[in-house]
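Reading the structure
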Number of protein chains: 2
Amino acid sequence: MLTRRNFLLGLFIVGLIGWHGAWATPAQGADPLPSWNDGAAKQSIIDFVTKVTKEGGADYVKPEERVATFDNDGTLWIEMPMYNQFVFAIDEVKRQANQHPEWASKELFKSVLAGDMKAVAAMGEKGMVEIVAATHSGMTTVDFNKSVKDWLETAKHPRFKVLYTDLVYQPMLELLAYLRANGFKTFIVSGGGVEFMRAFTETSYGVPPERVIGSSGVTQYQMWDASPVLVKRPKVLFVDDGPGKPEGINHFIGRQPIFAFGNSDGDKEMLEWTAACQRLCFMGLVHHTDAVREYAYDRDSSVGKLDKALDEALGKGWTVVDMKNDWKTIFPAAKASP
Amino acid sequence: MLTRRNFLLGLFIVGLIGWHGAWATPAQGADPLPSWNDGAAKQSIIDFVTKVTKEGGADYVKPEERVATFDNDGTLWIEMPMYNQFVFAIDEVKRQANQHPEWASKELFKSVLAGDMKAVAAMGEKGMVEIVAATHSGMTTVDFNKSVKDWLETAKHPRFKVLYTDLVYQPMLELLAYLRANGFKTFIVSGGGVEFMRAFTETSYGVPPERVIGSSGVTQYQMWDASPVLVKRPKVLFVDDGPGKPEGINHFIGRQPIFAFGNSDGDKEMLEWTAACQRLCFMGLVHHTDAVREYAYDRDSSVGKLDKALDEALGKGWTVVDMKNDWKTIFPAAKASP
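Residues numbered from 1 in each chain as written. Chains lettered and ligands numbered in written order. Predicted model: local features only at pLDDT ≥ 70, side-chain atom pairs only at ≥ 80, totals over all residues. Heavy atoms only, no water.

Turning our attention to the environment of methionine 80 of chain B. Following the sequence through the fold, methionine 80 of chain B ends up in the loop between β1 (67–70) and α3 (84–96). What methionine 80 of chain B contacts, discounting residues up to four positions off in sequence, is His157, Tyr295, Tyr297, Ser301 and Val303 of chain B. (Helix = DSSP H or I, 4+ residues; strand = E, 2+ residues; numbered from the N terminus. Contact = heavy atoms within 4.5 Å.)

On to the relation of the copies chain B and chain A. Each copy superposes on the other: chain B lies on chain A with an RMSD of 0.0 Å after a rotation of 180° and an axial shift of 0.0 Å. Overall, the copies show the geometry of a two-fold rotation axis. In terms of C-alpha distance to the rotation axis, chain B has phenylalanine 252 of chain B as its closest residue, with the C-alpha 3.4 Å off the axis. Interface residue correspondence from chain B to chain A reaches 100%, placing this contact among same-surface, isologous pairings. (Least-squares fit on C-alpha atoms with pLDDT ≥ 70 in both.)

Our next topic: the confidence of the model for chain A. Chain-level statistics for chain A give a pLDDT mean of 91 and a share of 90% at 70 or above. Segment residues 1–26 of chain A is flagged for pLDDT under 50; beyond a separation of four residues in sequence, or across chains, it makes eleven contacts in the model. (pLDDT = per-residue confidence, 0-100.)

So, on to the pairing of strand β2 (residues 185–193) of chain A. The side chains of a regular strand alternate between the sheet's two faces. Residue and element names in this part refer to chain A. The element β2 is extensively covered by neighbouring structure, given that eight of its nine residues are classed as buried. As paired strands, strand β1 (residues 67–70) and β2 are joined by four bridges and run parallel to one another. Paired with phenylalanine 70 across the bridge in β2 is isoleucine 188. (Buried < 20%, exposed > 50% of the residue type's maximum accessible area, 1.4 Å probe, protein only. Pairing = 2+ DSSP bridges.)

All names here are of chain B. Where helix α11 (residues 244–252) contacts helix α12 (residues 268–275), the axes come no closer than 7 Å and their chain directions differ by 55°. Here α11 is positioned oblique relative to α12, judged by the angle of their axes. Judged by residue contacts, Lys245, Pro246 and Ile249 of α11 engage Glu269, Met270 and Trp273 from α12. (Axes fitted to C-alpha atoms, helices over the stretch in contact; angles between N-to-C directions. Parallel < 35°, antiparallel > 145°, perpendicular 65-115°, else oblique.)

Let us now look at the state of the cysteines. Residues and elements named next belong to chain A. Counted according to the given criterion, the structure contains two disulfides over all chains. The residue that forms a disulfide with cysteine 277 is cysteine 281, at a sulfur-sulfur distance of 1.5 Å. Handedness here is read from the sign of the S-S torsion; for cysteine 277 and cysteine 281, about 105°, the answer is right-handed. Taking relative accessible area as the criterion, cysteine 277 reaches 11% and is therefore assigned buried. Accessibility expressed as a relative area gives 14% for cysteine 281, which makes it buried. (Disulfide = S-S within 2.5 Å.)

Residues and elements named next belong to chain A. With respect to the helices and strands, glutamate 174 occurs in helix α8 (residues 170–181). Despite its burial, glutamate 174 pairs with no opposite charge; the closest candidate is lysine 42, at 7.2 Å N-O. Reaching out from glutamate 174, the side chain makes a polar contact with the side chain of serine 35 at a distance of 2.5 Å. Dropping the residues within four chain positions of it, glutamate 174 is found in contact with Pro32, Leu33, Pro34, Ser35 and Trp36. (Lys, Arg positive; Asp, Glu negative; His and termini not counted. Salt bridge = Lys/Arg side-chain N within 4 Å of Asp/Glu carboxyl O. Polar contact = N/O pair within 3.5 Å; in protein donor to acceptor, adjacent residues only side chain to side chain.)

What follows covers the nonpolar core. Formed by 152 residues in total, the largest nonpolar core has its most connected members in Leu175, Phe259 and Phe261 of chain A together with Leu175, Phe259 and Phe261 of chain B. Phe86, Trp103, Val112 and Ala134 of chain A belong to the second largest nonpolar core, which has eleven residues in total. (Core = buried A, V, L, I, M, F, W, Y, C linked by side-chain atoms within 4.5 Å.)

Let us look at unusual backbone geometry. Between methionine 80 of chain A and the following residue, proline 81 of chain A, the backbone shows a cis peptide bond with an omega angle of 0°. Considering the arrangement of structural elements, one finds proline 81 of chain A in the loop between β1 and α3 (84–96). A positive phi angle is found at lysine 161 of chain A, which is not glycine, with a value near 60°. By secondary structure assignment, the location of lysine 161 of chain A is in the loop between α7 (141–154) and α8. A residue is classified by how much of its surface remains accessible, and lysine 161 of chain A, at 57% relative accessible area, is exposed. With a phi close to 50°, aspartate 225 of chain B is a non-glycine residue in the positive phi region. Within the secondary structure, aspartate 225 of chain B sits in the loop between β3 (212–224) and β4 (227–238).

Right, let's talk about the sheet that holds strand β3 (residues 212–224) of chain A for a bit. Residues and elements named next belong to chain A. Strand order in the open sheet formed by seven strands is β4-β3-β2-β1-β5-β6-β7, with mixed pairing between adjacent strands. One side of each edge strand has no neighbouring strand; the edge strands of this open sheet are β4 (227–238) and β7 (319–322). Along the sheet, successive strands turn relative to each other by an average axial angle of 30°, direction set aside. Examined bridge by bridge, β2 and β3 share three bridges and lie parallel to one another.

Turning our attention to the pairing of strand β5 (residues 259–262) of chain A. Residue and element names in this part refer to chain A. The alternating pattern of β5 places Phe259 and Phe261 on one face and Ala260 and Gly262 on the opposite face, and all of these are buried. In the sheet, β1 pairs with β5 via three bridges, with the strands oriented parallel. Looking at β5, one finds that alanine 68 is bridged to phenylalanine 259. With four bridges connecting them, β5 and strand β6 (residues 282–287) associate as parallel partners. Across the sheet, residue phenylalanine 261 finds its bridge partner in β6, namely glycine 284. Read from β5 through helix α12 (residues 268–275) to β6, the crossover connection turns out right-handed. (Right-handed = clockwise from strand over helix to strand, strands pointing away.)

What follows concerns the sheet that holds β4 of chain B. Residues and elements named next belong to chain B. Taken in spatial order, the seven strands make up an open sheet running β4-β3-β2-β1-β5-β6-β7, and their pairing is mixed. Looking at the sheet topology across the chains shown, the edges are occupied by β4 and β7 (319–322). Taking each pair of neighbouring strands and ignoring which way they run, the sheet shows an average axis angle of 30°.

Here the focus is the interface of chain B and chain A. Where interface size is given, it is often the accessible area lost as the parts come together that is meant. Between chain B and chain A, the contact holds 32 residues from the first and 32 residues from the second. Of the roughly 3000 Å² buried between chain B and chain A, counting both surfaces, carbon and sulfur atoms make up 55%. Taken as a group, Glu210, Tyr221 and His251 of chain B account for 24% of the area that chain B buries against chain A, more than any other trio of residues on that side. Where chain B meets chain A, there are six salt bridges. (Buried area = accessible area lost by both parts, 1.4 Å probe.)

The next thing to look at is α7 of chain A. Taking 1.5 Å per residue, 14 residues should reach 20 Å; α7 of chain A reaches 20 Å between its end C-alpha atoms and fits that length. What α7 of chain A keeps buried is the set Thr141, Phe144, Ser147, Val148, Trp151 and Leu152 of chain A. Angular distribution of buried residues about the axis of α7 of chain A spans 135°; they occupy a single face of the element. Turned more than 90 degrees away from the buried face of α7 of chain A sit Val142, Glu153 and Thr154 of chain A, all of them exposed. If you follow the buried residues of α7 of chain A, they end up packed against α3, α6 (124–135), α9 (194–198), β3 and β4 of chain A together with α11 of chain B. (Expected span 1.5 Å × (residues − 1). Arc of directions from axis to C-beta.)

See the structure below:
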C-alpha cells in the first residue's frame, strides 16, 4: 500500500541512490536500445512506440493491430559479399554432387564445382535461380530443414570467420525485443526462402516459423513408405520481393503493418504499403555506411541495391539508419571482428 | 509464505467449505467444456491437453510447439444446406449485377439472377468456381472485406433465420478457448476463401487474421490515384483442401500440428499429417448426426462429404464427435431455433 509515509521514504531512498541512471526502473529508466547511439533514428523509434502504445492517446493502436514487418537480408543480418542463402546453395551443390551425376555435364554446375565463381556470376540471376531450385528441391521439408541447420552450425563467413548466425545485427535484435515488449507482433517479410529462414529465425530473432514470410516453392504432400511427407518441388509458388511483399503480407498476415523496416529497393513497396496505413506509422531503412565494421553500399550494389527507396525515404522523412553513426555495435557480443 | 501453520489453516478452511465441488478453483474445478456431454470424445480432449501441458511428463510439449488446426465449414460453423461463402457469392451476383451488364448474356449468371438454383446446381463445381471467381475479384481487398462484413451483418440462414455468425458451434468455441488457455496457438485451415473468413474469425472465434489459412486468389499491388491498393484477381493462387491442407500448414505455419479437427474427407490429409507427428497427437472429426438441432449427413452428402476420413478415424481410434450425443448445445445462447 502506498501511504504518504512510504512515498516519502521512497523519495529518500531514491535520493540516496541518486535519481539519474543508477536507480533505473525497467519502466522508465532502462535504455531499450543500448546499441543505438542517441540521435534522430533512435528517437524516431522510441517516439513512435511511445505514441501508439499510450492508451487514450490520439495515436493509440490496439495490441492485436501492432504488426511490425522486417526484411531479413541486410536488415536483420549480413548480406555481403553475397546473400547467405546463395552461399548455402553453392555449398549444397558440392555436398549433393555425387547424388547428381547429371550436373557434371552442365556448364553452370561444373563452374560451381570447380569453384569458378566468376563464371557462376556471369550466368546472372538465371544461374542463381537454377542453382537454388536444384539444391532446394527433391527432398522432404524435414531433410531440407536439417541440411540448413547443419550448414548454419558449420559454415563460416569469408571475411568475419564466424558462423552466419553470429552476423545478425545487435541493434535490430534489441529493436525486435523492444517492439515485442510493447505488444507488437514481429514478422519477417523477406525475398529469401521461407524454409531456409525458418531454420534459424526462432533461435536467432525470437521470431517463430508462423511469423516468417518469404519466397517459396511448391511443396507436395506424398506418401513415402506409408508415411506422409512434404516434398519440395523445383517450382516457384511465390516471390516475396518488391510488390510481392505487400501481396505476401496480405496473403499471410491479412493486416496492414504499422511498422516496417527494410534496407533495399526490394522493400520499397512494403514501406509504401505501410505508409498508406492511414494512421501513425513507422517506415525505416538500414543504410549500410560502415565499410570498416561491416560494409558500405547502396545505389550501385548488385546485392541489396538501395536507390529508389532511399530517395523516397529521404523525400518523405522516413527513418534512415546510418549504420556507421547510429549503431554503437553491429554484431552481438563482438563475436565478429572485421 | 506457506508455513506449516498456514497449510493446516488452509486445510481447515477447505474442510469447512467442502472439498468436492463447491470450492472449485479455476485450475481443477471449473468445467472447461460445459457444452460437451461427458463421454469418450470430451474425455479424449481433456486427457490430451492434460498430458501435453504437464511439465516433466513424458508427453509434454513446449508452448511454442502447441499448434492446433481447425477446419472451418462444418467444424466451427454450419455448412448446410450449402457453403455459406457460396450463398454470399450468389447474393453478390445480385448486388453487383448492374456493374456487370455482360452477365445478362451468360446462362450461369442469368440462372442465378432468376433465382433458378436448380440450373445453377446443374453447372456443378465448375459453375460454383466461376461464380466465386467473378464475385471475388476486380475490387480491392479493403472493399471486399467490407462487402463480406456487410453481408454477415444482414444475411440470414434460410432455416434458422439468424445471422450466419450466430451459427458457429458453441462446443467448438469452448474448445478453442480451452486450448488457448493451455498455451495452444489456434489456427483455421479451411478450403474456404482466406479473405472471406478473415472478415469474421477474430470476432467470432478469437482467431486473428494471421492465423487463418484458406484457399486464395492472386492479389496484385497497384497504384490507384497515387495510393497503393491490393486488387483481387480472378486467378487461383492456392487451394487449401485435401493434400493442400498439410501443404498450406507447411507454407503458413512451418510446423506440424499436434492437434487437428475436421469434419469431412477434405480434412483427411490434414489429420494424417498430424497423426505423423511422432509424439502424442490429437485427431478429431465432427460427425453431423443431429437432424433435429442441426443436420445429419456424411457419406452421400455433396456438401461436407465424410466417408474415407470416417473409416480412417474409426479404424485408427481418432476422436469422432457424435454431434447428437456429445454436444449439449449446438449454437451459442440458443440464438437459433430449428
